Amino acid sequence: MLVAVDFDGVIVDKNRAFSDVTTPLAFMPYAKEGLESLKRAGHTLLLYSARANRALLYTPEWDPLTRAGIKRPNEAAWMSARSLHWARYHQMQEFVAKHLSHLIDAIDDGLQGKPLADLFID
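Scoring rules and cut-offs
- Residues numbered from 1 in each chain as written.
- Predicted model: local features only at pLDDT ≥ 70, side-chain atom pairs only at ≥ 80, totals over all residues.
- Heavy atoms only, no water.
- Phe/Tyr/Trp six-rings, centres within 6.5 Å; stacked < 30°, edge-to-face > 60°.
- Helix = DSSP H or I, 4+ residues; strand = E, 2+ residues; numbered from the N terminus.
- Buried < 20%, exposed > 50% of the residue type's maximum accessible area, 1.4 Å probe, protein only.
- Lys, Arg positive; Asp, Glu negative; His and termini not counted.
- Salt bridge = Lys/Arg side-chain N within 4 Å of Asp/Glu carboxyl O.
- Core = buried A, V, L, I, M, F, W, Y, C linked by side-chain atoms within 4.5 Å.
- Patch = residues over 30% accessible without salt bridge, like charges linked within 9 Å, V, L, I, M, F, W, Y side chains within 5 Å.
- Areas by Shrake-Rupley, 256 points an atom, 1.4 Å probe, with all protein chains shown as cover.

## Description of the packing of aromatic side chains
Here is step 1: In this structure the tally under the stated criterion is six aromatic pairs.
Here is step 2: Put simply, the rings of Tyr-58, Trp-62, Trp-86 and Tyr-89 pair up and form one aromatic cluster.

## As for the side chain of Asp-6
Here is step 1: With respect to the helices and strands, the residue Asp-6 is situated in strand β1 (residues 2-6).
Here is step 2: This buried residue, Asp-6, is left without a salt bridge; Lys-14 holds the nearest opposite charge, at 6.5 Å.

## Comments concerning the nonpolar core
Here is step 1: Ranked by size, the top nonpolar core spans 20 residues in total, and within it Phe-7, Ile-11, Leu-35, Leu-47, Phe-95, Val-96 and Leu-100 carry the most contacts.
Here is step 2: When contributions to this core are tallied by element, the ones reaching two or more residues are β1, α1 (31-40), β2 (44-48) and α4 (75-99).
Here is step 3: The element best represented in this core is α4, accounting for four residues.

## Quick notes on a nonpolar patch on the surface
Here is step 1: A cluster of nonpolar residues, Met-1, Leu-119 and Ile-121, forms a patch on the protein surface that exposes about 250 Å² of accessible area.
Here is step 2: Looking at the secondary structure, you find Leu-119 in strand β4 (residues 119-121).
Here is step 3: By relative accessible area, which is 36% here, Leu-119 ends up partly exposed.

## Concerning the pattern of salt bridges
Here is step 1: Counting across every chain of the model gives five salt bridges.
Here is step 2: The residue Arg-88 makes a salt bridge to Asp-8 at a minimum N-O spacing of 3.8 Å. Here Arg-88 is found in helix α4, whereas its partner Asp-8 is found in the loop between β1 and α1, with 80 residues between them in sequence.
Here is step 3: For Arg-88, a relative accessible area of 11% gives the class buried.
Here is step 4: Residue class for Asp-8 comes out buried when judged on its relative accessible area of 15%.
Here is step 5: Between Asp-20 and Arg-16 there is a salt bridge, with its nearest N and O atoms 3.7 Å apart.
Here is step 6: The network of salt bridges with common partners includes Asp-8, Arg-51 and Arg-88.

And the structure:
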């Protein structure tokens, strides 16, 4: 079974300032043990996160509300926050590489929005 697991709030504690990319991330209680149990049961684990949102990382034009014509992109606001979004994305990648490389089969790259999976843990 393909199990998609959200990063913030499921694997790591999200009770921190959104802009805090320096304080080390901390596991949610029993998150690692839960992932280990899923892996032992033979499941494929896909990590997904809003941190991989391509509209935040690459261009605000990829925001679905912008593409639908519901809102106009604020290029200045997007540009001023872009480095923070990249830092949050890299923080997640580093955490996974250090603590979860043996458990996570793939990190969703944000291309398809919420991934298609058999089960979501969100």
